[in-house]
Amino acid sequence: MKDTTFNHLIEELKKFPGVGQKTAQRLAFFLLKATADEAKAIAQAIIDVKDKIHFCSICNNVTEDDPCWICSDANRDRKKILVVKEPGTLYTIERTGGYKGLYHVMLGAISPLDGIGPDDIKIAGLLKRVDQDGIEEVILALDPDMAGEATSMYLTRLLKPFEVHVTRIAYGIPVGSDIEYADELTLVKSLEGRRDFNPPSSK
Ligand SMILES: [Zn+2]
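Residues numbered from 1 in each chain as written. Predicted model: local features only at pLDDT ≥ 70, side-chain atom pairs only at ≥ 80, totals over all residues. Heavy atoms only, no water.

Caption draft 1: Representation of the pattern of salt bridges in the model. For the structure on display, the rule yields seven salt bridges. In this structure, Glu184 engages Arg95 in a salt bridge whose closest nitrogen and oxygen atoms are separated by 3.8 Å. Here the residue Glu184 occupies a position in helix α7 (residues 184–192), and Arg95 occupies one in helix α4 (residues 87–96), the gap between them amounting to 89 residues. For Arg95, a relative accessible area of 54% corresponds to the exposed category. Across the salt bridge formed by Arg168 and Glu149, the nearest N and O atoms sit 2.7 Å from each other. Residue Arg168 is found in strand β6 (residues 165–168), and its partner Glu149 is found in helix α6 (residues 146–159); the two are separated by 19 residues along the sequence. Residue Arg168 shares its accessibility class with Glu149, and that shared class is buried. (Salt bridge = Lys/Arg side-chain N within 4 Å of Asp/Glu carboxyl O. Helix = DSSP H or I, 4+ residues; strand = E, 2+ residues; numbered from the N terminus. Buried < 20%, exposed > 50% of the residue type's maximum accessible area, 1.4 Å probe, protein only.)

Here you go:
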């Protein structure tokens, strides 16, 4: 195909998760038919998100202000930290309205096969918060897959000396799926049914 500008747009759109050739083509034609103002508003929103949104220096949530609106909310239960892998999961849990504590976003999970080790995720910040902020409970809400399990076990071991109550959400979520995409009721039930987490000892 010769029309490089149009094809370039299709190639860029294909970089979105879940977007293949067919969808990319449909979106490209949509943008082509849109007014210049409409198309520019979409482009500007993408530019703004990269310019203005950062990771919270406390919990690694995505935010325009630092600390984020959750870390700076005095009405939340500041003795609980819910540990999630990605900011998207935080948003999903927030939408349920069933949790009023704080969060810690790991921005990844330990997965040696993918070359992701403990130093590649936000562990140090979590330990510092548990050590200094009077945290009484750490709730692990990582994905029930291999990387999530490995990360949960690793964190539990590191948290032991702090005498903090470590719990994990119950399995109400299908094994091998993303917590981010679970329905709200399943998430609320999983949170309610959380229990102590005792991984098998390494010896
Ligand atoms: Zn925050």
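Caption draft 2: Structural view of the nonpolar core. Leu82, Val83, Ile93, Met106, Val138, Leu155 and Leu159 are the most contacted members of the largest nonpolar core, which has 38 residues in total. Broken down by secondary-structure element, the contributors of at least two residues to this core are β3 (77–84), α4, β4 (101–105), α5 (123–132), β5 (137–140), α6 and α7. One finds Phe6, Leu13, Val19 and Ala28 within the second-largest nonpolar core, a separate group that totals six residues. (Core = buried A, V, L, I, M, F, W, Y, C linked by side-chain atoms within 4.5 Å.)

Caption draft 3: Spotlight on the coordination of the zinc ion. Those donors, Cys56 (SG), Cys59 (SG), Cys68 (SG) and Cys71 (SG), are the protein atoms that reach the zinc ion, and they lie 2.3 Å from it. Every donor counted, the four donor atoms about the zinc ion form angles of 102 to 116° at the centre, which fits tetrahedral coordination. Sequence positions of the donors to the zinc ion reduce to the motif C-x2-C-x8-C-x2-C. Taken together, the residues span a long stretch of sequence, with Cys56 in the loop between β1 (54–55) and β2 (62–63) and Cys71 in the loop between β2 and β3 at a distance of 15 residues. The burial state of Cys56 is the same as that of Cys71; both residues are buried. (Donors = N, O, S within 2.8 Å, 3.2 Å for Na, K, Ca; no water. Tetrahedral: all angles 85-135°; square planar, octahedral: opposite > 155°, others 65-115°.)

Caption draft 4: Broad picture of the domain arrangement of the protein chain. Its domain assignment divides the protein chain into domain 1 (4–52) and domain 2 (62–196). Taking the mean C-alpha position of each, domain 1 and domain 2 sit 33 Å from one another. (Domains from an automatic or database assignment.)

Caption draft 5: Expanded view of the sheet that holds β3. With mixed pairing, five strands are arranged side by side in an open sheet as β4-β3-β5-β6-β7. What marks the edges here is a single partner per strand, and that holds for β4 and β7 (195–196). Relative to β7, β6 is paired through two bridges, and the arrangement is antiparallel. Of the residues in β7, the one forming a bridge with Arg168 is Arg195. Here α5 sits on the sheet in contact with β3, β4 and β5, set at roughly 150° to β4. (Pairing = 2+ DSSP bridges. Contact = heavy atoms within 4.5 Å. Axes fitted to C-alpha atoms, helices over the stretch in contact; angles between N-to-C directions.)

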